[in-house]
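Close look at the chain arrangement
One-letter residues, chain by chain:
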Amino acid sequence: ASRSLSSFQDHIITSRRILALLGAGLSASSGLPTFRGAGGLWKTHDVKALSTPAAFDADPALVWTFYLERIKAAQEAKPNAAHVALTELARKKEGFLAVNMNIDGLSRRAGHPEQQIHDIHGSLFTLRCTKCDLEIRPPDYEQYIHNLSQQSSITTSKLPRCHSCSEGLIRPGVVWFTESLPQTSLKSIYDWVEAEPTIDTMLVIGTSTEVYPATAYIEAARKKGARVAVVNIEQEDPSLLGLEEQDWYIQGDAADLVPTMLKPVIGDTMQE
Ligand code: APR
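Per an unreviewed UniProt entry, the protein goes by the name SIR2 family histone deacetylase and belongs to Lophiostoma macrostomum CBS 122681.

Encoded structure:
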């Protein structure tokens, strides 16, 4: 996997079917924390107390306090040049599909075509009623978040209640540990993978590849002949990632590297 960035650029030009797995490293340059690297959320917070259904049942006010902070951080963040470059790639290549593990909404805000991205861990910008399963999106969404933000501290008595069934507790529309991923997204991705005999390129951007089943997509793409390009800030041993001679390990900040890697296809996108 010592292959150079320029050989990737030659390859991406002729790639028709491209699958991308997007992780927290993609949004690091937008100022949002990752999970497992230095300063990662799961290094500074107890994931079991904040990011599981049991945690929400036990202390919904604590979980809402944590997610309100992440919603505000995501609202203040801006898509970076990598989000923009991937959006441009989608516009230029209809055979490109992104599997997005990030819940920060930045790809969507960059304008990524909706049919070419799946938010498999949900999004901070959707809410759901725990009783009637109503999904709440903007603009209703804003009202709930505004009410929550008005409170100096979120107490159980002031937790958001569903305006539709009027009693269900509202929760963030994200996938917590032990929960299943959105079946519609999984089916769409499966159908895309199975739709044709080959996949040309698998982009793996800013992920520790520790979370299943996202990592299974790398193997699925490889089985379909894909050449894998890993983009990561860390210096990793490519062989540890199962990368082979025809693959790429491109080290550095995704916000810098992704626009350069895709340049032959997207040209010079404007810097965010
Ligand atoms: N550019 C590229 N890669 C980066 C950058 C950067 N600027 N900054 C960090 N990275 C890399 C880190 O080296 C690490 O390998 O991004 C990866 C982030 O890994 P994690 O923090 O584990 O995040 P991710 O892989 O997205 O986690 C997957 O786990 O906690 C759950 O639901 C959560 O979606 C998340 C999932």
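On to the packing of helix α5 (residues 60-76) against helix α8 (residues 140-150). At a minimum axis distance of 11 Å, the contact between α5 and α8 shows a crossing angle of 115°. In the crossing of α5 with α8, the sense of the turn from one axis to the other is left-handed. Every residue of α8 that contacts α5 at Trp64, Leu68, Ile71, Lys72 and Gln75 is listed here: Tyr141, Ile145, Leu148 and Ser149. Of the residues belonging to the contact of α5 with α8, the class tally is 6 nonpolar, 2 polar and 1 charged.

Another aspect to go through is the nonpolar core. With 32 residues, the main nonpolar core has Trp64, Tyr67, Leu124, Leu127, Ile145 and Ile170 as its most contacted residues. Of all the elements in the fold, those that place two or more residues in this core are α2 (41-44), α3 (47-50), α4 (53-58), α5, β4 (122-129), α8 and β6 (170-174). Excluding residues within four positions of it along the chain, Trp64 makes contact with Phe56, Ile71, Leu127, Ile145, Leu148, Ile154, Leu159, Pro160, Ile170, Arg171 and Pro172. Core analysis: the second largest hydrophobic core is formed by 27 residues, Phe8, Ile12, Ala90 and Ala98 among them.

With that settled, the discussion passes to the sheet that holds strand β5 (residues 135-136). Strand pairs in the sheet, formed through backbone hydrogen bonds, run parallel or antiparallel to each other. An order of β5-β4-β6 is seen for the 3 strands of this open sheet, with the pairing classed as antiparallel. The open sheet has two free edges, formed respectively by β5 and β6, since each of these has just one partner strand. For β4 and β5, the ladder comprises 2 bridges, and the chain directions are antiparallel. Considered in β5, the bridge of Leu127 is made with Ile136. Each of β4 and β6 touches α5; the most contacted strand, β4, lies at about 135° to it. Where α8 meets the sheet, its contacts fall on β4, β5 and β6, and the angle it forms with β4 comes to roughly 85°.

The rules behind these values
Residues numbered from 1 in each chain as written. Predicted model: local features only at pLDDT ≥ 70, side-chain atom pairs only at ≥ 80, totals over all residues. Heavy atoms only, no water. Axes fitted to C-alpha atoms, helices over the stretch in contact; angles between N-to-C directions. Helix = DSSP H or I, 4+ residues; strand = E, 2+ residues; numbered from the N terminus. Left-handed = near helix turned anticlockwise from the far one by under 90°. Contact = heavy atoms within 4.5 Å. Nonpolar A, V, L, I, M, F, W, Y, C, P; charged D, E, K, R; others polar. Core = buried A, V, L, I, M, F, W, Y, C linked by side-chain atoms within 4.5 Å. Buried < 20%, exposed > 50% of the residue type's maximum accessible area, 1.4 Å probe, protein only. Pairing = 2+ DSSP bridges.

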